[in-house]
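A structural walkthrough
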Amino acid sequence: MTNPKIQNLKSVVILGGGAWGKALAKLAAINGNQVHLWSRSDCQPLEKVLEHKNAQVILSAISMKGVRDVASMVESCPLSPETIFVTATKGLEPHTTYTPSQIWQAAFPDHPVVVLSGPNLSQEIAQELPAATVVASKNTNATQTVQLVFSSSRFRVYTNPDPVGVELGGTLKNVIAIAAGVCDGLHLGTNAKAALVTRGLTEMVRIGQTLGAKPETFYGLSGLGDLLATCNSPLSRNYQVGYQLANGKTLEGIMANLPGTAEGVNTCRVLMEIAQQQGITIPITEQVYQLLEGEVTPRLALDQLMLRDIKPEFDNFPTEQIWQTGEKC
């Protein structure tokens, strides 16, 4: 029987030379794909790279603040009508509140855009430790193609038809990870952290439903899975922001010394705009926002959450539907 991966070998261009871009480039190359890693510091112009490589898959692993500029650069390049775009960025654009996939889809309305997200700490993937992720799009053929490009014995790739939910899961959990870092930095214990992360997941679902995502998606790898990884690992930059704030460091000092971008800081601010416009209750995000703005101390932020009005755990929450839609590994 012919190996589908061999039949599916692609020319892949990875946009973004950070740790995440390098890890994804390595995964695609292991499978025999022709891979070129490009960053804005590259001496070769992007147009020349895309033209020379005849890119069939273009994956964006750049920080949120650079997505629109790079998408505009790609717009001026000659592309095959069959080119698939993949976004592996987790964040929200200020002012427009767009997700990365919305930016790419607006720029390339005739091309499929696939979201890649999951519990994927880049340092562990670079060490070839086992991990799993999700690729999501309304275009089934595109997700299956991307699945084959990146799947390996150490990196299991699932497909999902809910790109909104998959993308929001990876984006929203960064805010909860900041709160989890605060919890650990204050040494509040396992009980407190378990409650915080669980209620954080409820908050993610509430936001996701309002923005058109399927609730069950948040109970998969790109939601709960990514939430657990980033809320429990010192490798998570967002966790480090909260942990170091709890230990008396300033946000400016923390951000200046992080090895990369903590997208949760910007995401939190954009989420507050969305919540005010849509009337969404997001108590954890609100306390993280006040902390980042210097309006409350880490201890006061956690105390405010504990002092909220008592209420039922679930309020019109579709738990029965979620368990019925569970899938096997």
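Scroll up to find the structure this text is about.
The present account deals with the structure reproduced in this document. What you see is a predicted model, and the numbers here were worked out from it, not measured in a lab.

**Comments concerning the overall build of the chain**
Broken down by element type, the chain carries 16 helices and 7 strands. Each of the three principal axes of the chain carries a C-alpha extent, and together these read 60 × 45 × 40 Å. Burial analysis of the chain (329 residues in total) assigns 53% to the buried set. Carbon and sulfur atoms form 50% of the exposed surface of the chain, whose accessible area is close to 15,600 Å². Treating the 25 positive side-chain charges of the chain as one cloud and the 28 negative ones as another, the clouds have centres 7 Å apart.

**Re the packing of helix α8 (residues 163–185) against helix α11 (residues 237–246)**
Orientation of α8 relative to α11, taken along the N-to-C sense of each, is 35°, at an axis distance of 6 Å. For the crossing formed where α8 meets α11, the hand is right-handed. Contact residues: N174, A177, I178, A180, G181, V182, D184 and G185 in α8; N238, Y239, V241, G242, Y243 and A246 in α11. For the contact of α8 with α11, the per-class residue count stands at 8 nonpolar, 5 polar and 1 charged.

**As for the pairing of strand β5 (residues 113–117)**
Two faces, one strand: in a regular strand the side chains alternate between the faces of the sheet. Counting buried positions over the 5 residues of β5 gives 5, a clear majority of the element. Of the two faces of β5, both are covered, the one formed by V113, V115 and S117 as well as the one formed by V114 and L116. Note that strand β4 (residues 84–87) and β5 share 3 bridges and pair parallel. Within β5, the position partnered with F85 by the bridge is V113. Where β5 meets strand β6 (residues 131–136), 3 bridges bridge the pair, whose relative direction is antiparallel. By the bridge assignment, L116 is partnered in β6 with V135.

**Quick look at the sheet that holds strand β2 (residues 34–38)**
As a general point, the strands of a sheet are linked pairwise by backbone hydrogen bonds and lie either parallel or antiparallel. Ordered in space as β2-β1-β3-β4-β5-β6-β7, the 7 strands form an open sheet in which the pairing is mixed. Edge positions in the sheet fall to β2 and β7 (155–160), since each has one partner strand and no second. In this sheet, adjacent strand axes meet at a mean angle of 20° when their direction is disregarded. Pairing between β6 and β7: 6 bridges, direction parallel. Among the inter-strand pairings, A131 is bridged to a residue of β7, identified as F155.

**Quick look at the nonpolar core**
If you look at the biggest cluster of nonpolar residues, it comprises 45 residues, and the most contacted ones within it are F218, V241, V288 and L292. Only α8, α9 (190–210), α10 (221–232), α11, α12 (251–257), α13 (263–278), α14 (283–292) and α15 (298–306) provide two or more residues apiece to this core. Each residue touching F218, except ones within four places of it in the same chain, is listed here: G165, L168, G169, L172, L201, M204, V205, G208, A213, G223 and L224. Counting 24 residues, the second largest nonpolar core, distinct from the first, contains W20, V57, V86 and F155.

**Examining the pattern of salt bridges**
Applying the stated criterion across every chain yields a total of 6 salt bridges. For R68, the salt bridge is made with E93, and the minimal N-O distance between the two is 2.7 Å. With R68 in helix α4 (residues 67–75) and E93 in the loop between β4 and α5 (100–107), this residue pair connects regions lying 25 residues apart in the sequence. For D184, the salt bridge identified is with K193, shortest N-O distance 2.8 Å. Linked by salt bridges that have partners in common, K90, K173 and D226 make up one network.

**Quick notes on the packing of aromatic side chains**
Taken as a whole and assessed by the stated rule, the structure comprises 4 aromatic pairs. An angle of 25° between the planes, with centres 5.4 Å apart, marks the rings of F85 and W104 as stacked. Here F85, found in strand β4, pairs with W104, found in helix α5; they are 19 residues apart in sequence, far enough to count as distant. We note that F85, like W104, is buried.

**Points about the environment of L211**
In this fold, L211 is placed in the loop between α9 and α10. Overall, the relative accessible area of 32% leaves L211 in the partly exposed class. Residues L211 and V164, spaced 47 residues apart in sequence, show a C-alpha to C-alpha distance of 8.0 Å. Apart from the residues lying within four places of it in its own chain, the contact partners of L211 are V164, L168 and I274.

**A short note on the pairing of β2**
Relative to β2, strand β1 (residues 11–15) runs parallel, the two being bridged by 5 bridges. Paired with S11 across the two strands is Q34, which belongs to β2. Handedness of the crossover is the feature at issue here: the chain leaves β1, passes through helix α2 (residues 19–30), returns alongside β2, and the resulting connection is right-handed.

What counts and what doesn't
Residues numbered from 1 in each chain as written. Predicted model: local features only at pLDDT ≥ 70, side-chain atom pairs only at ≥ 80, totals over all residues. Heavy atoms only, no water. Helix = DSSP H or I, 4+ residues; strand = E, 2+ residues; numbered from the N terminus. Buried < 20%, exposed > 50% of the residue type's maximum accessible area, 1.4 Å probe, protein only. Areas by Shrake-Rupley, 256 points an atom, 1.4 Å probe, with all protein chains shown as cover. Lys, Arg positive; Asp, Glu negative; His and termini not counted. Charge placed at Lys NZ, Arg CZ, Asp CG, Glu CD. Axes fitted to C-alpha atoms, helices over the stretch in contact; angles between N-to-C directions. Left-handed = near helix turned anticlockwise from the far one by under 90°. Contact = heavy atoms within 4.5 Å. Nonpolar A, V, L, I, M, F, W, Y, C, P; charged D, E, K, R; others polar. Pairing = 2+ DSSP bridges. Core = buried A, V, L, I, M, F, W, Y, C linked by side-chain atoms within 4.5 Å. Salt bridge = Lys/Arg side-chain N within 4 Å of Asp/Glu carboxyl O. Phe/Tyr/Trp six-rings, centres within 6.5 Å; stacked < 30°, edge-to-face > 60°. Right-handed = clockwise from strand over helix to strand, strands pointing away.

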